[in-house]
Amino acid sequence: MEANIENLRKENEILDIFCNLVTIPSPSLKEDKLIEQILNFCKSNQITARTDSYGNVYISIPPTDPSKESIMISSHMDVVGDDSPINLILDGDYIKADGRTLGADDKAGVSCALKLAKDIVSSNILHGGLEIVFTRDEETGMSGVEHLEFNKLNSKYILVCDADKLGQLQISGASYTNAKITVTGLKGGHSGIDIGDNTRLNAAKLIAELIAGFPQGAYYSDKTGVITSCNLGAIVAGGIQNSVANIVENKIKTNDYITEIMKKTSTNIINTLGMASYSIRSANVAKEEELKSLMTSIVEKFNEKYKNLAEANIEFEIHLLPFEKANDEKIEEIHTLACKRIGIENDISSFHAGAETHIYCHNKNSKGEFFMPYLLGVADIYNMHSAMEKVNYKSLIEGAEIIKNTFLIFNGN
């Protein structure tokens, strides 16, 4: 029989659940129809579920062996895109949408969690309880996870099913800090008249000199990947004011504003202001502080060198706290075994971006314990957040098995 989506759905419950979910549009903060579908699924399968005042969904399966620990699974319900209808297409081993974002990020995770909940409720295995949380608005602001009722959750370990490759287990994630550097020349002047005055230093030249001493790229790495990095985002200096004013006044549109600005920059001034912006990312607080201290010391030495002639300043602005690696390797060991059960090798790594793991790890459960989250991949998802997004359906079937076996091994089964 020729493979088609309907046949696959009949043969594999996880694919049926997934297809039901992805055909319901759920852009950020417009997840109401999906929430209704999830609650109906839970009601039909005798799974206890509720929502909070923000619309996050909570599923709780009581322990059958109170001596064991509970574990939690988390996925987000929103997707990148709008609320246009979604038509599914099967292209070889891939499920994709017709001309729009599929939403496998993160409905692959939601599907695996619902499949596990259904399986556990209908089983007689001994376990310490399963908690599942589905959050809103991960893609645009992570406001859903920030509104969670953390103190009503019992689990310490959280499997955040939101990575994009089957078998991934990401054990740390980078912070996001901005650094803003300013260099001010204290005199300035006209380059034709004052150029011979050695007390008139050019801030555009000085900012280049200053940042030449800063690290660029990977600052610290280990076997899991880049842990701490420093990246120059932009430099703004020199006589660009008239050029920018010309662009605004004449409403100039271009794909290359840098070149457009350079057309009319002033070269006859000794610049008094130079600015640069950096992003600092780190999954290790100590290494981030080390990097920030190094950058600060470079600025201090600069100010000593140019005292009374120019002045530099650096400011750090934290946007996202890091998700640091836990000393406890229990989940790493269990996930490795779970993957081996289905014949694949897992990939334990650090990731250099932000996710809901970053919010979880800085909050505490009902017992006053800090959560220990991990970012898991339950399917091979390609071209996320685009009209070309697709998921390998065979990998999703395996991902559901990984989650199930992780739960079983966690509970000694």
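Whatever comes next refers back to the structure up there.
The text that follows walks through the structure, step by step, so that each part is easy to find. (Residues numbered from 1 in each chain as written. Predicted model: local features only at pLDDT ≥ 70, side-chain atom pairs only at ≥ 80, totals over all residues. Heavy atoms only, no water.)

The next thing to look at is helix α7 (residues 241-249). Among the residues of α7, S243, N246 and I247 are the ones counted as buried. Burial along α7 is one-sided: seen end-on, the buried residues are contained in an arc of 100°. Of the exposed residues in α7, those oriented more than 90 degrees away from the buried face are Q241, N242, V248 and E249. For α7, the secondary structure elements touched by its buried residues are α8 (257-263). (Buried < 20%, exposed > 50% of the residue type's maximum accessible area, 1.4 Å probe, protein only. Helix = DSSP H or I, 4+ residues; strand = E, 2+ residues; numbered from the N terminus. Arc of directions from axis to C-beta. Contact = heavy atoms within 4.5 Å.)

This next bit is on unusual backbone geometry. Cis geometry marks the peptide bond from D105 to D106, where omega comes out at 15°. Within the chain, N383 stands out as a residue other than glycine whose phi angle is a positive 55°. Here N383 lies in the loop between β18 (381-382) and β19 (390-392). Phi at H385 is positive, roughly 70°, even though this residue is not glycine. Tracing the sequence through the fold places H385 in the loop between β18 and β19.

It is worth spelling out the sheet that holds strand β9 (residues 176-185) at this point. The sheet built from five strands is open, its strands ordered β11-β12-β14-β9-β15 with antiparallel pairing. Bordering the open sheet on either side are β11 (217-222) and β15 (310-320), each of which pairs with just one other strand. Geometrically, the sheet is characterised by an average inter-axis angle of 15° between neighbouring strands, direction not taken into account. Pairing between β9 and strand β14 (residues 273-282): eight bridges, direction antiparallel. Paired with K180 across the bridge in β14 is S277. Contacts between helix α9 (residues 285-305) and the sheet are confined to β9, β11, β12 (225-237), β14 and β15, with β15 contributing the most and set at about 165° to the helix. (Pairing = 2+ DSSP bridges. Axes fitted to C-alpha atoms, helices over the stretch in contact; angles between N-to-C directions.)

Moving on to the sheet that holds β19. The four strands are arranged β4-β5-β19-β18 in an open sheet whose pairing can be described as antiparallel. Bordering the open sheet on either side are β4 (88-91) and β18, each of which pairs with just one other strand. As judged from the three bridges shared by strand β5 (residues 94-97) and β19, these two strands associate in the antiparallel manner. What sits directly across from I95, in β19, is V391. Where helix α12 (residues 393-410) meets the sheet, its contacts fall on β4, β5 and β19, and the angle it forms with β19 comes to roughly 60°.

In this section: the packing of helix α4 (residues 104-121) against α12. The geometry of α4 relative to α12 is characterised by a closest axis approach of 9 Å and an angle of 50° between their N-to-C directions. Taken together, the axis directions place α4 and α12 in an arrangement best described as oblique. By crossing handedness, the relation of α4 to α12 is classed as right-handed. Contact residues: α4 offers A108, C112, L116, D119 and I120, while α12 offers L396, G399, A400, I403, K404 and F407. The residue makeup of the contact of α4 with α12, split by class, is eight nonpolar, one polar and two charged. (Parallel < 35°, antiparallel > 145°, perpendicular 65-115°, else oblique. Left-handed = near helix turned anticlockwise from the far one by under 90°. Nonpolar A, V, L, I, M, F, W, Y, C, P; charged D, E, K, R; others polar.)

Before going further, it helps to examine helix α6 (residues 203-211). Within the span of α6, buried status applies to A203, L206, I207, L210 and I211. Along the long axis of α6, the arc covered by the buried residues comes to 125°, so they all point the same way. Among the structural elements, β9, β12, β14, α9 and β15 are those in contact with the buried residues of α6. Its side-chain oxygen placed 2.9 Å from the backbone nitrogen of A204, N202 serves as the N-cap of α6. (Polar contact = N/O pair within 3.5 Å; in protein donor to acceptor, adjacent residues only side chain to side chain.)

So, about the environment of A283. Topologically, A283 is positioned in the loop between β14 and α9. Judged by its relative accessible area of 6%, A283 falls in the buried class. Non-local contacts of A283, meaning those with residues more than four positions away in its chain, are made with S172, G173, A174, S175, I227, P322, F323, E324, K325 and S350.

What follows concerns the pairing of β12. As paired strands, β11 and β12 are joined by five bridges and run antiparallel to one another. Note on β12: the bridge partner recorded for D222 is G225. In sequence, β11 turns back onto β12 through a hairpin of two residues. In terms of strand pairing, β12 meets β14 through nine bridges, oriented antiparallel. Bridge assignment links S229 to a residue of β14, and that residue is R281.

So, on to the nonpolar core. The biggest cluster of nonpolar side chains holds 60 residues, and the ones touching the most others in it are F18, I38, I59, I73, L114, L130 and F134. Per element, the largest residue contribution to this core is nine residues, and it comes from α4. V183, L201, A276 and V299 belong to the second-largest nonpolar core, a separate cluster that totals 23 residues. (Core = buried A, V, L, I, M, F, W, Y, C linked by side-chain atoms within 4.5 Å.)

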